[in-house]
Amino acid sequence: MRVRKAVFPAAGWGTRFLPATKAQPKEMLPLVDKPIIQYAVEEAVAAGIEQVIIVTSSQKRAIEDHFDLSYELEHLLEEKGDIEMLRQVRAISDLAQVAYVRQKEQLGLGHAVLMAKDLIGHEPFAVILPDDVVVGERPCIGQLIHAYHQHHGSVVAVMEVSPDDTSRYGVIASEPSTDPLDHGRLHRVTSLVEKPAAKDAPSNLAIIGRYVLTPKIFDKLEQTQRGAGGEIQLTDAIAALMEEQEVFGYEFEGTRYDAGTTMGWLQASVELALGRADLGPAFRAYLQGLQLCRCGHHNRAAWSVAWGSRESPRPGAGICVLLRGWVLGRAAIDASCGTIPVGTRAYLQAFTERGAAAWRRLVKSLRGATG
């Protein structure tokens, strides 16, 4: 059967973004000028999804309002003659057929997916976590849907992560597909380990927030016991599903941002803005003009006073210039993450961080010596 429906769990409290999320949903925080959840819905629509099912809570009315008509705003824009903005606003409410279901208790991702059972029925469906923003030439969930139609089994999106990060994800053990049409990206999952330490991880392939699941997953979710924190884990249900059906991991094409963390949200905001034709050139020029210095001196005048200059040399002069080079080097590596292989990128990032740490120690010692 064709994958026509997608579930968007969006009932969490968003505590990592407090106080910003005290009165607004985390999913409505903007990345440049669009809320996080809109990127996910647009991805689903681009992949052919016809019905969007958003799992919300009592604090998430703003999400429903965002995807609804806004007669007053549209009338105002029409009267002002701002036709382009009017078109953009109307396009949001026309994106897809949107349905909502309430998760009355915060009992985990598996429980949130289970809330959509009646709306899904007996057909395969997608699950998209809005926190994971994936940018690429092809929609990430569309790649998984294609793999599902090729192999007729549930598919989870996976990506390579560094050993230090395996404790943040579900990690798969797998066997690579021998089908040349899979281009080495598909893996048959043999087991799942939730948030393993680096020494216990079966691989470096971590599951991120994109899934295509068969309806059999609902039976497994109903039988899944609450785990840590009293939550029903989706990965536990997928592990149970593997006893009856094949499950695959797919290494997707594209760049993934973890917009569910403050740092990931900041990185996504910067890089998405740089990729915009209307904002990128001016924003890039602004960033290049910043004096990035970890000692807290962000302008040329303060820099010269604190660290000396050619006219007034002091011990430590020029150290901030070198440190800035390390910081910009890290930024360049992060910005190139779509083209540098994951293993190489992790090495370069670690190398850059070690260099920056060494310079910080040197700066600290020199400042102590010179008062």
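Residues numbered from 1 in each chain as written. Predicted model: local features only at pLDDT ≥ 70, side-chain atom pairs only at ≥ 80, totals over all residues. Heavy atoms only, no water.

1. As for helix H8 (residues 216–223)
Residues separated by three or four positions in an α-helix point in the same direction, a consequence of the helix having 3.6 residues per turn.
Step number 1: When we look at burial in H8, the residues that qualify are Ile217, Phe218, Lys220 and Leu221. Along the axis of H8, the buried residues cluster in a sector spanning 160°; they form a single face. (Buried < 20%, exposed > 50% of the residue type's maximum accessible area, 1.4 Å probe, protein only. Helix = DSSP H or I, 4+ residues; strand = E, 2+ residues; numbered from the N terminus. Arc of directions from axis to C-beta.)

2. Overview of the confidence of the model for the protein chain
Step number 1: Here the protein chain averages 82 in pLDDT, and 77% of its residues register 70 or above.
Step number 2: When pLDDT is averaged over each helix and strand of the protein chain, the minimum, 45, is found for helix H12 (residues 300–307) and the maximum, 97, for strand S6 (residues 125–128).
Step number 3: Counted against residues more than four places away or in other chains, residues 300–319, with its pLDDT under 50, gives 29 contacts. (pLDDT = per-residue confidence, 0-100. Contact = heavy atoms within 4.5 Å.)

3. As for the packing of aromatic side chains
Step number 1: The full count for this structure, using the stated rule, is three aromatic pairs.
Step number 2: A centroid spacing of 5.1 Å and a plane angle of 10° characterise the contact between Phe125 and Phe218, whose relative ring orientation is stacked. Highlighted residues: Phe125 in strand S6 and Phe218 in helix H8, separated in sequence by 93 residues.
Step number 3: Between the aromatic rings of Phe283 and Tyr286, the centroid separation amounts to 6.3 Å while the plane-to-plane angle is 15°, which identifies the pairing as stacked. Placement of both Phe283 and Tyr286 in helix H11 (residues 280–289) is noted, with a separation of three residues, approximately one turn of the helix.
Step number 4: Judged by its relative accessible area of 23%, Phe283 falls in the partly exposed class.
Step number 5: On the accessibility criterion, Tyr286 (51% relative accessible area) is exposed.
Step number 6: The ring of Tyr39 carries Lys34 above its face, with NZ or CZ at 4.4 Å from the centroid. (Phe/Tyr/Trp six-rings, centres within 6.5 Å; stacked < 30°, edge-to-face > 60°. Lys NZ or Arg CZ within 6 Å of the ring centre and 35° of its normal.)

4. Brief notes about the pattern of salt bridges
Step number 1: Within the structure shown, the criterion is met by 26 salt bridges.
Step number 2: For the salt bridge of Arg90 with Glu78, the shortest nitrogen-to-oxygen distance reads 3.9 Å. You can see Arg90 sitting in helix H4 (residues 83–93) and its partner Glu78 sitting in helix H3 (residues 71–80), a full 12 residues away along the chain.
Step number 3: The network of salt bridges with common partners includes Arg2, Arg4, Lys5, Glu50 and Glu123. (Salt bridge = Lys/Arg side-chain N within 4 Å of Asp/Glu carboxyl O.)

5. Some words on the environment of Val55
Step number 1: Structurally, Val55 can be placed in strand S4 (residues 51–56).
Step number 2: Classification of Val55 by relative accessible area gives buried; the value is 0%.
Step number 3: Remark: the alpha-carbon pair of Val55 and Val7, spanning 48 residues in sequence, is separated by 7.2 Å.
Step number 4: In contact with Val55, not counting residues within four places along its chain, are Val7, Phe8, Pro9, Ala10, Ala11, Val101, Gln103, Ala112 and Met115.

6. Considerations on helix H10 (residues 262–274)
Step number 1: Here H10 is 13 residues long and its end C-alpha atoms lie 18 Å apart, about the 18 Å a rise of 1.5 Å per residue gives.
Step number 2: All of the buried residues along H10 are Gly264, Ala268, Ser269, Glu271, Leu272 and Ala273. (Expected span 1.5 Å × (residues − 1).)

7. A word on the side chain of Arg256
Step number 1: Residue placement: Arg256 occurs in strand S13 (residues 255–258).
Step number 2: A polar contact of 2.8 Å, which involves the side chain of Arg256, links it to the side chain of Asp132.
Step number 3: Setting aside residues no more than four positions away along its own chain, Arg256 makes contact with Asp132, Val133, Val134, Met159, Tyr169 and Ile208. (Polar contact = N/O pair within 3.5 Å; in protein donor to acceptor, adjacent residues only side chain to side chain.)

8. Notes on the packing of H10 against H11
Step number 1: Interaxial distance between H10 and H11 falls to 7 Å at its minimum, and their mutual angle equals 125°. It follows that H10 is oblique to H11 by the angle criterion. On the side of H10, the interface is formed by Val270, Ala273 and Leu274, while H11 contributes Gly280, Phe283, Arg284 and Leu287.
Step number 2: Its residues assigned to classes, the contact of H10 with H11 comprises five nonpolar, one polar and one charged. (Axes fitted to C-alpha atoms, helices over the stretch in contact; angles between N-to-C directions. Parallel < 35°, antiparallel > 145°, perpendicular 65-115°, else oblique. Nonpolar A, V, L, I, M, F, W, Y, C, P; charged D, E, K, R; others polar.)

9. Some details on the packing of H3 against H4
Step number 1: Running from amino to carboxyl end, H3 crosses H4 at an angle of 160°, the nearest separation of the two axes being 9 Å. Viewed along their axes, H3 and H4 adopt a mutual orientation that is roughly antiparallel. Relative to H4, H3 is oriented so that their crossing is left-handed. Counted together, Leu73, Glu74, Leu77 and Glu78 of H3 and Met85, Leu86, Val89 and Arg90 of H4 form the full contact between these two elements.
Step number 2: Across the contact of H3 with H4, the residue classes tally to five nonpolar, no polar and three charged. (Left-handed = near helix turned anticlockwise from the far one by under 90°.)

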